[in-house]
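Listed here are the chains, written in short residue letters.
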Amino acid sequence: MKLLADLHERRVHARRVRVLTREIARMLPEHGTVLDVGCGDGLLTSLLAEARPELRFFGLDVLMRSGARLPACRFDGRHLPLADASVDAVLFVDVLHHAASIGDLLAEARRVTRGSVVIKDHLLDPPLAGPRLRFMDYVGNARHGVALPYHYLRKVQWMAAFAAAGLTVAQFTSDFALYPRPAAWLFGGGLHFLAQLRLR
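First, a word on what this report is: a plain description of the structure on this page. Here the structure is a predicted model, which means the values were calculated and not measured. (Residues numbered from 1 in each chain as written. Predicted model: local features only at pLDDT ≥ 70, side-chain atom pairs only at ≥ 80, totals over all residues. Heavy atoms only, no water.)

### Some words on the overall build of the chain
Helix and strand counts for the chain come out as six helices and seven strands. Across the chain, helices and strands are ordered from the amino to the carboxyl terminus as α-β-α-β-β-β-α-β-α-α-β-α-β. A compact globule built from 200 residues should have a C-alpha radius of gyration of about 16 Å, and the chain, at 16 Å, falls within 12% of that. Dimensions of the chain, computed from C-alpha atoms along their principal axes, come out at roughly 45 × 40 × 30 Å. (Helix = DSSP H or I, 4+ residues; strand = E, 2+ residues; numbered from the N terminus. Rg over C-alpha atoms; globule rule 2.2 N^0.38 Å.)

If you want it as structure tokens, here you go:
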């Protein structure tokens, strides 16, 4: 397992963070405050802050990591400890499929943002998506003690969850090269999406 984790860190993680920084930076608001829910070690958020210095970032996570690269607080995984309409954007990067209730967290994001919600997560639609996503999740997260409920959804289910939370899709793409070859052949292919959601 350690060998796989080391390989992931050296060959996959750096490119993934670089691509996500570029793609997410385009979906964030022109100015204001961004809440990163499930910020982890804050690496991605720190790179977003470099790419978009006009924005202010802070994070929440269930598991606080030492040496986090941004101001962050612990939360219970279900309720965002912020006032209504208190941030300009809420960011979830590979977080919602770990949640006890995807709907609850989306509703909380809708409550605390006055602008948008940006999501990077997974799609269960491609062939053998379930086993591939579970493998990726385990390799990337098990060593950090992250809960692994494997709550993956099909695109139609995501759309229904967005609508139920009072959010509408402004942008949605699953066409970005997150992994290098040959990893892309197994772990790309429509398994990932990015969405920018607006308030309804």
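### Topic: the environment of F57
If you trace the backbone, F57 turns up in strand β2 (residues 55-61). Relative accessible area serves as the criterion here: at 11%, F57 is assigned to the buried category. The sequence separation of F57 and A89 amounts to 32 residues, and the corresponding C-alpha distance is 9.6 Å. Non-local contacts of F57, meaning those with residues more than four positions away in its chain, are made with L28, V34, T45, L48, A49, R52, L70 and P71. (Buried < 20%, exposed > 50% of the residue type's maximum accessible area, 1.4 Å probe, protein only. Contact = heavy atoms within 4.5 Å.)

### A word on the packing of aromatic side chains
Evaluation of the coordinates by the stated rule reveals five aromatic pairs. A ring pair is formed by F135 and F187, whose centres lie 5.8 Å apart and whose planes are at 15°; its orientation type is stacked. Taken together, the positions of F135 in helix α4 (residues 129-141) and F187 in helix α6 (residues 183-187) put the pair 52 residues apart, joining distant regions of the chain. Between the aromatic rings of W158 and F162, the centroid separation amounts to 5.8 Å while the plane-to-plane angle is 35°, which identifies the pairing as tilted. Residue W158 and its partner F162 are both found in helix α5 (residues 155-164); the two are separated by four residues, about one turn of the helix. (Phe/Tyr/Trp six-rings, centres within 6.5 Å; stacked < 30°, edge-to-face > 60°.)

### Comments concerning α4
Note on helix geometry: an α-helix contains 3.6 residues per turn, so any two residues three or four positions apart are oriented the same way. With 13 residues, α4 ought to run about 18 Å at 1.5 Å a step, and its terminal C-alpha atoms sit 18 Å apart, in line with that. For α4, every residue scored as buried is listed here: A129, G130, R132, L133, M136, D137, V139, G140 and N141. (Expected span 1.5 Å × (residues − 1).)

### Some remarks on the nonpolar core
L35, L80, V90, F92, L106 and I119 are the most contacted members of the largest nonpolar core, which totals 29 residues. Counting only elements with at least two residues in this core, the list comes to β1 (32-37), β4 (87-93), α3 (102-112), β5 (113-122), α5 and β7 (192-199). It is α3 that contributes the most residues to this core, five residues altogether. Those residues within four positions of L35 in sequence are excluded, and the remaining contacts are F58, G59, L60, L80, L82, V87, A89, V90, L91 and V112. Ranked by size, the runner-up nonpolar core spans 27 residues in total, among them A25, V93, L133 and F176. (Core = buried A, V, L, I, M, F, W, Y, C linked by side-chain atoms within 4.5 Å.)

### Examining unusual backbone geometry
Note: most peptide bonds trans; most residues except glycine with negative phi. Of note in the backbone geometry, A85 takes a positive phi value of approximately 50° without being a glycine. Considering the arrangement of structural elements, one finds A85 in the loop between β3 (72-74) and β4. Its identity as a non-glycine residue notwithstanding, L128 has a phi of 55°, on the positive side. Along the chain, L128 falls in the loop between β5 and α4.

### What about the pairing of β2?
The two faces of the sheet receive side chains in turn, since in a regular strand these alternate between them. In terms of residue burial, β2 counts as a mostly covered element, since five of its seven residues are buried. As paired elements, β1 and β2 share six bridges and run parallel to each other. Each residue of the ladder has a partner; that of V34, found in β2, is F57. Relative to β3, β2 runs parallel, the two sharing three bridges. Within β3, the residue paired with G59 across the bridge is A72. (Pairing = 2+ DSSP bridges.)

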